[in-house]
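The chain contents come next:
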Amino acid sequence: MNRNSRRVSDTSGASTELGYIFTFLLGVLLLSVFSIWTWDIETATRERWNEEAVEMNLDDLAAAIERADEASRLGDIEYVECVWWRATEADENLFSIELTNNALILIDEGGSLDTEVFISGTGSGNHTGSIDLSGAQMIWVIHTNGTTSIDINRPQ
């Protein structure tokens, strides 16, 4: 060892390393906030899409019921119409639909998609029916013997 060498205390390297560490931690923080923000946007979009799909499905079904009511006012007539159910990301095994004289009611046992669509009820008969949507791709609107009903099975 050289006797004339002196130990020099240089802290510029340490401050550079600390700068790298803080920059890295800031990047991790910003990426975490960004990923949470994008996840919230994706979740809100999916929920809105589900609500809109369910609303369009119920509107289509209510329109078919209104057409069956219109046909019922023509006299003793039988009317059958098939309505396709659009797929949603919600668990449709927990969906049930009930038809009353004035409304079409969707009951979502596992979520917040419960909704109700009012119908005019101007047909010459009553409305009745309750179905579970588990695996259903189409819903039949049937008017026969003075009653308008809904079913997932094709009428014979």
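See the structure above.
Residues numbered from 1 in each chain as written. Predicted model: local features only at pLDDT ≥ 70, side-chain atom pairs only at ≥ 80, totals over all residues. Heavy atoms only, no water.

Q: I keep staring at a negative patch on the surface and nothing clicks. Help me out?
A: Side chains of Glu47, Glu51, Glu52, Glu55 and Asp59 sit close together on the surface and give a patch of like negative charge. For Glu51, the location among the structural elements is in helix α1 (residues 12-72). (Patch = residues over 30% accessible without salt bridge, like charges linked within 9 Å, V, L, I, M, F, W, Y side chains within 5 Å. Areas by Shrake-Rupley, 256 points an atom, 1.4 Å probe, with all protein chains shown as cover. Salt bridge = Lys/Arg side-chain N within 4 Å of Asp/Glu carboxyl O. Lys, Arg positive; Asp, Glu negative; His and termini not counted. Charge placed at Lys NZ, Arg CZ, Asp CG, Glu CD. Helix = DSSP H or I, 4+ residues; strand = E, 2+ residues; numbered from the N terminus.)

Q: Quick question: what am I supposed to make of unusual backbone geometry here?
A: Both trends apply: most residues other than glycine have a negative phi, and most peptide bonds are in trans. Even without a glycine there, the phi angle at Asn145 is positive, about 55°. You can see Asn145 is positioned in the loop between β7 (138-144) and β8 (147-151).

Q: Help me understand the sheet that holds strand β5 (residues 126-128), please; the structure alone is not making it clear to me.
A: Here we have four strands laid out as an open sheet, ordered β1-β7-β8-β5, and mixed in their pairing. Each edge of the sheet is formed by a strand with only one pairing partner; in this case those strands are β1 (79-84) and β5. Strand after strand, the sheet turns through a mean of 15° between neighbouring axes, direction not considered. Sheet topology note: the β5/β8 ladder contains three bridges and is parallel. Opposite Thr128, over in β8, you have Ser149 as the bridge partner. (Pairing = 2+ DSSP bridges. Axes fitted to C-alpha atoms, helices over the stretch in contact; angles between N-to-C directions.)

Q: Just to check I follow, could you spell out the layout of surface pockets for this structure?
A: In this approach, a probe sized like a water molecule rolls over the atoms, and the result shows the empty space that is left. Of the voids in this model, the largest pocket is the one considered here, and its volume is about 180 Å³. Together, Arg46, Glu47, Asn50, Glu51, Glu89, Ala90, Asp108, Gly111, Ser112 and Leu113 line the largest pocket. By residue class, the composition of the lining of the largest pocket is two nonpolar, three polar and five charged. (1 Å grid on protein atoms, 1.4 Å probe; cavity = no way out; pocket = protein on both sides within 12 Å on 5 of 7 lines; lining within 4 Å. Points joined across faces, edges and corners; volume = space filled by probe spheres on them. Nonpolar A, V, L, I, M, F, W, Y, C, P; charged D, E, K, R; others polar.)

Q: Got a minute to help me understand the pairing of strand β4 (residues 115-118) in this structure?
A: Strand residues, when the strand is regular, have side chains that alternate between the two faces of the sheet. Of the strand pairs in this sheet, strand β3 (residues 103-108) and β4 are connected by four bridges, and their pairing is antiparallel. What sits directly across from Ile105, in β4, is Glu116. In this antiparallel pair of consecutive strands, β3 and β4, the connection spans six residues.

Q: What exactly am I supposed to notice about the pattern of salt bridges here?
A: Oppositely charged side chains may form a pair once their charged atoms are brought near each other. Scanning the entire structure with this criterion turns up four salt bridges. Three or more residues joined by partner-sharing salt bridges are found here, namely Glu42, Arg46 and Glu89.

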